[in-house]
Amino acid sequence: MTTKTQTEKRGGDIKTRLTEYTLTCFTIAQTLTNKGGHFVSDDLVDSAKNALLRHAEAEGSPSAKEFADKYRLALVQLRVNRTILDLVYNGKLSSDLTSVATALEDVDILIRIFFSSIRTLENRAAA
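Since the model is a prediction, treat every value here as computed from it, not as a measurement.

**Examining the overall build of the protein chain**
The helix and strand tally for the protein chain stands at 5 helices and 0 strands. With the C-alpha coordinates aligned to their principal axes, the bounding extent of the protein chain is approximately 50 × 30 × 20 Å. Within the protein chain, the fraction of its 127 residues that count as buried is 36%. The contacts in the protein chain between residues at least 6 apart in sequence include a share of 65% that link residues at least 24 apart. Total accessible area computed for the protein chain in this model is approximately 7,400 Å², and 54% of it derives from carbon and sulfur atoms.

And the structure:
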């Protein structure tokens, strides 16, 4: 995986950004070696993976409504993921808190992207 600057990430494709974020969560999960970390590592991986999979499902949606519904499911998973990362960061459960802080920034951006996309679809449907 290549490291990109924040400027390069902003212009990137949502699928690429989400894939890179998911891989980052996988890497962070490997740093959760204490007992508390073990309890949340699977949840961290699952919620990141599920957000990526919901996005993939949305890409094949036959209607804007179904697309928005899939994005809502992805958004839920991203919010769960942010909560887990907050727990990891505040509980100092990772040996790499710098990566956790970066992942928190990335998930906040992803949440805003998904939320804005859903809002745009809803506004278009209402018009």
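What follows continues from the structure just given.
**Focus: the nonpolar core**
Side chains that are nonpolar tend, in soluble globular proteins, to be buried together. Among the nonpolar cores identified, the biggest contains 28 residues, and Tyr21, Leu44, Leu78, Leu85, Val88, Leu110 and Phe114 are the most heavily contacted of them. For this core, the secondary-structure elements that each account for two or more residues are α2 (14-30), α3 (35-59), α4 (64-90) and α5 (97-126). Element by element, the count of residues in this core is highest for α5, at 8 residues. Residues in contact with leucine 110, not counting those within four places in the same chain, are Ile14, Arg17, Leu18, Tyr21 and Leu78.

**Overview of the pattern of salt bridges**
Here the structure, examined in full by the defined rule, presents 7 salt bridges. Aspartate 46 serves as the salt-bridge partner of lysine 49, at 3.9 Å between the closest nitrogen and oxygen. With a gap of 3 residues between them, lysine 49 and aspartate 46 both fall in helix α3, about one helical turn apart. Assessed through its relative accessible area of 34%, aspartate 46 is described here as partly exposed. Aspartate 69 serves as the salt-bridge partner of arginine 72, at 2.8 Å between the closest nitrogen and oxygen.

Calculation rules
- Residues numbered from 1 in each chain as written.
- Predicted model: local features only at pLDDT ≥ 70, side-chain atom pairs only at ≥ 80, totals over all residues.
- Heavy atoms only, no water.
- Helix = DSSP H or I, 4+ residues; strand = E, 2+ residues; numbered from the N terminus.
- Buried < 20%, exposed > 50% of the residue type's maximum accessible area, 1.4 Å probe, protein only.
- Contact = heavy atoms within 4.5 Å.
- Areas by Shrake-Rupley, 256 points an atom, 1.4 Å probe, with all protein chains shown as cover.
- Core = buried A, V, L, I, M, F, W, Y, C linked by side-chain atoms within 4.5 Å.
- Salt bridge = Lys/Arg side-chain N within 4 Å of Asp/Glu carboxyl O.

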